Amino acid sequence: VWVYPALFHRNLPLEPSPMERSIEVRFFFGTVTIVVALLFMFLWGDWIVAGSVARNMLGERMKDAADLASKNVAVFLEIGQNLALQIAEAPGILSANEDELNRILEEEINSIPFFDQLLIYDQSNKLLGGYSAVAGLSNLLLSEEITSLKLAFNGMLVQVCATPPVQGENAPAARVSFIIGIMDPATEQVGRVLIARTDLASNLYAQPLINSLQSIP
């Protein structure tokens, strides 16, 4: 084969490359190419498989954490409702005056370390009595609680609502209010409503819930 040798001032024929002259060299370079290609394919396949396994493991972990959190929520709410119902059945809570109510609620809140505030309201949303285990907690009704009070006097005896922290309260975490309608046997109507509040950050029964929520990636 000649490629215009005059342009290079030489009249020599082109020589084959070492790879063209030697079958061994051609075999070597061909084998290396195949090995490199196979190695790349294996690495790429391992990366795909590893990524899929990691995603599956993360998905399973998130599912387990979410399941645990939902169970802890149910346990926390059940405990709170049962305790609030127990307080609503305290002797004298339906007929006691303000001083007697304050004493009853203080005894209840000290005997059951779940709530940090207990309040009793009438149908006009007037505060009849209350006790707070933590200084600085507001007795003011929040919009969610006002709605729940109306529902309670209309026959929805057990309710739960989550409320954001009110300005001026010591607790920075969200709060949960358990609303219980107290039936008057004489009229068979709701006579008073108990609002039992608790703080998720300081409530010992809420710690498993908080821990399970924090474990979700």
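Look up: the structure comes first, before these words.
Presented here is a report on the structure given in the accompanying data block. (Residues numbered from 1 in each chain as written. Predicted model: local features only at pLDDT ≥ 70, side-chain atom pairs only at ≥ 80, totals over all residues. Heavy atoms only, no water.)

Time to look at the sheet that holds strand 2 (residues 127–132). In sheet architecture, strand pairing relies on hydrogen bonds along the backbone and comes in two forms, parallel and antiparallel. What the five strands build is an open sheet, ordered 2-1-5-4-3; its pairing is antiparallel. Looking along the sheet, the strands with just one partner apiece sit at the ends: strand 2 and strand 3 (158–163). The sheet shows a mean angle of 15 degrees between the axes of neighbouring strands, taken without regard to direction. Both strand 4 (residues 175–184) and strand 5 (residues 189–199) contribute to a ladder of 10 bridges, which runs antiparallel. Opposite Ile180, over in strand 5, you have Leu194 as the bridge partner. Of the strands in this sheet, strand 1 (117–121), strand 2 and strand 5 touch helix 3 (residues 98–111), which is tilted by about 35 degrees from strand 2. Packed on one face of the sheet, helix 4 (residues 143–153) meets strand 1, strand 3, strand 4 and strand 5 and runs near 150 degrees to strand 5. (Pairing = 2+ DSSP bridges. Helix = DSSP H or I, 4+ residues; strand = E, 2+ residues; numbered from the N terminus. Axes fitted to C-alpha atoms, helices over the stretch in contact; angles between N-to-C directions. Contact = heavy atoms within 4.5 Å.)

Here we come to the environment of Ser132. Within the element layout of this structure, Ser132 appears in strand 2. In the structure, Ser132 is positioned 30 residues away from Asn102 in sequence and 9.5 Å away in space, judged by C-alpha atoms. For Ser132, the side chain forms a polar contact with the side chain of Gln117, separated by 3.0 Å. (Polar contact = N/O pair within 3.5 Å; in protein donor to acceptor, adjacent residues only side chain to side chain.)

Okay, the pattern of salt bridges next. Once their charged atoms are close, side chains differing in charge can pair, the charge on each being opposite to the other. Scanning all chains against the criterion turns up three salt bridges. In this structure, the salt-bridge partner of Glu107 is Arg103, at a minimum N-O distance of 3.3 Å. Within this pair, Glu107 and its partner Arg103 are both found in helix 3, separated by four residues, close to a single helical turn. Under the relative-accessibility criterion, Glu107 is labelled partly exposed at 46%. Assessed through its relative accessible area of 44%, Arg103 is described here as partly exposed. (Salt bridge = Lys/Arg side-chain N within 4 Å of Asp/Glu carboxyl O. Buried < 20%, exposed > 50% of the residue type's maximum accessible area, 1.4 Å probe, protein only.)

We now examine the pairing of strand 4. Across the 10 residues that make up strand 4, a large majority, eight, are buried. Relative to strand 4, strand 3 runs antiparallel, the two sharing six bridges. Each residue of the ladder has a partner; that of Thr163, found in strand 4, is Arg175.

The next point concerns helix 4. Those residues of helix 4 that sit buried are Glu145, Ser148, Leu149, Ala152 and Phe153. Looking straight down helix 4, one finds that the buried residues subtend no more than 130 degrees of arc, so they occupy a single side. The exposed residues of helix 4 that point more than 90 degrees off its buried face are Ser143 and Lys150. Summarising the contacts, the buried residues of helix 4 are in contact with strand 1, strand 3, strand 4 and strand 5. Taken from the residues just after helix 4, Gly155 is the one with a positive phi, measuring 115 degrees. (Arc of directions from axis to C-beta.)

A word on the packing of aromatic side chains. For the structure on display, the rule yields five aromatic pairs. Here the aromatic rings of Phe114 and Phe115 are separated by 4.8 Å at their centres, their planes lie at 70 degrees, and the arrangement is edge-to-face. Accessibility classification places Phe114 together with Phe115 in one group, the buried group. Each residue in the set Phe76, Phe114, Phe115 and Phe178 is aromatic and connected to the rest through ring pairs, giving one cluster. (Phe/Tyr/Trp six-rings, centres within 6.5 Å; stacked < 30°, edge-to-face > 60°.)

This brings us to the side chain of Ser177. Tracing the chain through its elements places Ser177 in strand 4. Ser177 gets classed as buried once you look at its relative accessible area, which sits at 0%. Side-chain polar atoms of Ser177 contact the side chain of Glu145, separated by 2.6 Å. Those residues in contact with Ser177, other than ones at most four positions away along the chain, are Glu145, Gln159, Val160, Cys161, Thr163, Ile195, Ala196 and Arg197.

By themselves these figures say nothing about function.
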